[in-house]
Amino acid sequence: MGHGTGGDAMIVTVVAVPDGDTARISVAEARHRLATEPFLLLGVELPEEEGSAPDPVLRRLGLDDTDLEWFGRQDASPRAEFLGDTAGFVVPVVHEGGVAYVHALASERHLVIVHRGRRAGLERAVTAQVRRERPHDAVATLFLMLQEALTTFRRAAVHALLQVEELEDDMFEARRPGQVYRLSQLRRHSAVLHHALLPYLQGIDEVITRRMMSRDFPVERQRLAQEFQRAGRLVLADIESLQDATRRAFASYGSLVAGEQNGVINRLAIVSVIFLPLSFLTGFFGMNFEFLTNRLETRDEFWLLAVGLQLLAVVGSLFLLHRSRIWRRLRDDD
């Protein structure tokens, strides 16, 4: 455990390459080993909130000769910068449903991974990759870390896509109001993933493309860069597929709602067809015409005209509805 200015603490973990063994060391020991060892992989955990005037992370580690003022800051945006033999990255990572940002500084002799709190750390995943892949230098280890960050986006996109498909299946079985709220959450989640990953991939593609155009860029590193670019495009395609799936699910939900509304309108149409002639007859015989007041005087005439015509109108309306498309459509919906 080391302490910087203002009591702002950071925890440093060293990872042995290629064995992958980890150990916690002090800031002073990290400075010494960065200056003496041929290659070192460090994981630095900063507090969740920045102090009032914390020292820059690179200065605490004795690496303040690099021109990366944004490195380690909480408000740094996704980026990739190459300064000679040193490269600095702000990498988006998906963790517990949100997007956090991990800072990485790579050179020929060290790779420093900085994150805030425990929620966005990649040391465990990178350590596991180091044990399996056994990279031979810092650049290969860096691309392992970048690939692992992409993997978090792929897992989040695939998991959300499966949830959208399950919701869509449930909607066709039984539509519930909570489904549209959950779809809204998943659509927002897909937008957050896309908004975090797209500018990062665009920025890193520009930098990598410029580096690969240089004649002194090694062939092995070109292969690693091309694999990362290909993986980034695939992950971006997964996120775009998630966005398309949420739009399709919303369209399906709207179609179901429209179908139910059509059924209600058909029922109202049936009621209207039945009661419209009844309303007409009631209004007609309720008028004080001379014919109605002077000629219709017996009970038989009343039952024949007032009731018989209404029964005839109801039976005729039902017969016409039974032979019409509205009745068949309503029966099919039921």
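Shown above is the structure to which this text applies.
For the structure given in this document, a descriptive report is provided here.

Procedures and definitions
- Residues numbered from 1 in each chain as written.
- Predicted model: local features only at pLDDT ≥ 70, side-chain atom pairs only at ≥ 80, totals over all residues.
- Heavy atoms only, no water.
- Core = buried A, V, L, I, M, F, W, Y, C linked by side-chain atoms within 4.5 Å.
- Buried < 20%, exposed > 50% of the residue type's maximum accessible area, 1.4 Å probe, protein only.
- Helix = DSSP H or I, 4+ residues; strand = E, 2+ residues; numbered from the N terminus.
- Contact = heavy atoms within 4.5 Å.
- Salt bridge = Lys/Arg side-chain N within 4 Å of Asp/Glu carboxyl O.
- Phe/Tyr/Trp six-rings, centres within 6.5 Å; stacked < 30°, edge-to-face > 60°.
- Patch = residues over 30% accessible without salt bridge, like charges linked within 9 Å, V, L, I, M, F, W, Y side chains within 5 Å.
- Areas by Shrake-Rupley, 256 points an atom, 1.4 Å probe, with all protein chains shown as cover.
- Lys, Arg positive; Asp, Glu negative; His and termini not counted.
- Charge placed at Lys NZ, Arg CZ, Asp CG, Glu CD.
- Pairing = 2+ DSSP bridges.

On to the nonpolar core, then. Among the nonpolar cores identified, the biggest contains 55 residues, and Phe89, Leu146, Leu197, Ile204 and Phe228 are the most heavily contacted of them. Those elements that place two or more of their residues in this core are β6 (86-95), β7 (98-106), β8 (110-116), α3 (123-133), α4 (138-173), α5 (177-212) and α6 (219-285). Here the element with the most residues in this core is α4; it accounts for 16 residues. Sequence-distant contacts of Phe89, that is, excluding residues within four places in its chain, are made with Trp70, Arg79, Ala80, Phe82, Val102, His103, Ala104, Leu142, Leu146 and Ile204. Within the second largest apolar cluster, 23 residues are counted, among which are Ala30, Leu61, Leu63 and Leu68.

So, about the environment of His32. Structurally, His32 can be placed in helix α1 (residues 27-36). For the pair His32 and Leu61, spaced 29 residues apart in sequence, the C-alpha separation works out to 8.7 Å.

We now examine the environment of Leu276. Its location among the elements puts Leu276 in helix α6. When the C-alpha atoms of Leu276 and Val314 are compared, they prove to be 9.6 Å apart, with 38 residues separating the residues in sequence.

Within the secondary structure layout, Val102 lies in strand β7. Judged by its relative accessible area of 0%, Val102 is buried. Sequence separation between Val102 and Pro78 is 24 residues; the distance between their C-alpha atoms is 9.0 Å.

What follows covers the pattern of salt bridges. Pairing of side chains with opposite charge becomes possible as their charged atoms draw close. One pass over the structure, following the stated rule, counts nine salt bridges. Glu37 is paired through a salt bridge with Arg33; the nearest N and O atoms lie 2.7 Å apart. Across the salt bridge formed by Asp244 and Arg247, the nearest N and O atoms sit 2.8 Å from each other. With Asp244 and Arg247 both in helix α6, this residue pair falls three residues apart, about one helical turn. Through salt bridges that share partners, Glu29, Arg33 and Glu37 make up one connected network.

Burial analysis of strand β4 (residues 40-46) places seven of its seven residues in the buried class, which makes it a mostly covered element. Alternating positions in β4 separate into two faces, Leu40, Leu42, Val44 and Leu46 on one and Leu41, Gly43 and Glu45 on the other, with burial throughout.

With the rule as written, the count across this model stands at three aromatic pairs. Ring plane angle 85° and centroid distance 6.0 Å describe the contact between Phe82 and Phe89, whose orientation is recorded as edge-to-face. For Phe89, a relative accessible area of 2% corresponds to the buried category.

Together, Glu165, Glu166, Asp169 and Glu173 give the surface a local cluster of negative charge. As for its position among the elements, Glu166 is in helix α4.

Here we take up the pairing of strand β5 (residues 79-83). Taken together, the five bridges between β5 and β6 define a ladder with antiparallel strand orientation. If you follow Ala80 over to β6, its bridge partner there is Phe89. Taken together, β5 and the strand that follows it, β6, pair antiparallel across an intervening segment of two residues, in which Gly84 is found at a positive phi of about 70°.

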